Amino acid sequence: TQHHLKSFIMIAMLRIFLHEHKYEILLFALVQHLFIGIVLQDLPFYTKVIWPINMLILGVASVGIFIEKGKWKNRARTVLFVLVLALPLGLPFWGQVPYYFIILNIIYVVFFSFIFGEVIKFLIKPSYINVDIISASACGYFLLIEIAVFLMQFLFYSNPLSFKGIGTANNSETFIDLVYFCSITITSIGFGDITPSAHHTKLVTAFFGIAGQFYSVVLVGILISKFVSKSEN
């Protein structure tokens, strides 16, 4: 009984910590997922080991976002988390199955879109500015990149000729190239070393370029309005 009580207390303390620091934790999880390739040379190792660990970290990091959000949202998050964790673990066994990667990318788009929706709701509601608002703003930007990456990856695996300049030596190289491509697209840098070559990928790229600029403009407006509200109070 004492052991169960200690476990319950530890779980409760973990939930409180995840809830109080939810946006900082989520921001860390998103950054390490997107850019951990900076310090990795062994890309096959990334696919087999680091990718599942990344998704485990992201799944835990997303818990705090959905605390006090209702049962159906938490159940949906749990189902999506199980899927995004299980799919990379299944790569050694079913990676060659037709449409496996296509299904994987669709589920990842849904997972990150689900979290993105909650972050946007939080940014719109409060009339104050604090660390949570700043962290949530950054989370929204990186979530937009995550959504773009897995949507582009879905399009690429559906038609490998829809992009030029993307590495295909292994899945990790493709993912990292798309992280790079989506990041410079959404930030409107656009070096041109990777380019969409099909009409649908050109339009999707254009859409995310516009979405990135729109998010930045709206975010600046939200932050200014919250700062003004705080100053007036």
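Our subject is the structure that appears above.
Residues numbered from 1 in each chain as written. Predicted model: local features only at pLDDT ≥ 70, side-chain atom pairs only at ≥ 80, totals over all residues. Heavy atoms only, no water.

**Comments concerning the overall build of the protein**
Helices and strands together make up the secondary structure of the protein, namely 10 helices and 2 strands. Helices and strands appear in the protein in the N-to-C order α-α-α-α-α-α-α-α-β-α-β-α. Relative to a compact globule of 233 residues, whose C-alpha radius of gyration would be 17 Å, the protein shows 19 Å and is just as compact. Overall, the protein is about 55 × 55 × 35 Å in size when its C-alpha atoms are taken along their principal axes. Across the 233 residues of the protein, 46% fall into the buried class. Once local pairs closer than 6 in sequence are excluded, the contacts in the protein between residues at least 24 apart make up 74%. Just so you have it, the protein exposes about 12,500 Å², and 72% of that area is on carbon and sulfur atoms. Considering the protein, the positive charge centre built from 15 side chains and the negative charge centre built from 11 side chains are found 10 Å apart. (Helix = DSSP H or I, 4+ residues; strand = E, 2+ residues; numbered from the N terminus. Rg over C-alpha atoms; globule rule 2.2 N^0.38 Å. Buried < 20%, exposed > 50% of the residue type's maximum accessible area, 1.4 Å probe, protein only. Contact = heavy atoms within 4.5 Å. Areas by Shrake-Rupley, 256 points an atom, 1.4 Å probe, with all protein chains shown as cover. Lys, Arg positive; Asp, Glu negative; His and termini not counted. Charge placed at Lys NZ, Arg CZ, Asp CG, Glu CD.)

**Brief notes about the nonpolar core**
Judged by nonpolar contacts, the single largest core of 66 residues is most densely connected at Leu26, Tyr108, Phe112 and Met152. Residue assignment for this core shows that the elements contributing at least two residues are helix H2 (22–35), helix H3 (43–61), helix H4 (63–66), helix H5 (71–89), helix H7 (100–124), helix H8 (131–158), helix H9 (171–186) and helix H10 (199–232). Top element by residues in this core is H8. It accounts for 15 residues. Sequence-distant contacts of methionine 152, that is, excluding residues within four places in its chain, are made with Phe163, Leu178, Phe181, Cys182, Val204, Thr205 and Phe208. (Core = buried A, V, L, I, M, F, W, Y, C linked by side-chain atoms within 4.5 Å.)

**Observations concerning the packing of H3 against H7**
Across the interface, H3 lies against H7 with an axial gap of 13 Å and an inter-helix angle of 25°. With respect to each other, H3 and H7 are oriented roughly parallel. As H3 runs across H7, the sense of the crossing is left-handed. Judged by residue contacts, Trp51, Met55 and Leu58 of H3 engage Phe101, Leu104, Tyr108, Phe111 and Phe112 from H7. Counted by class, the contact of H3 with H7 contains 8 nonpolar, no polar and no charged residues. (Axes fitted to C-alpha atoms, helices over the stretch in contact; angles between N-to-C directions. Parallel < 35°, antiparallel > 145°, perpendicular 65-115°, else oblique. Left-handed = near helix turned anticlockwise from the far one by under 90°. Nonpolar A, V, L, I, M, F, W, Y, C, P; charged D, E, K, R; others polar.)

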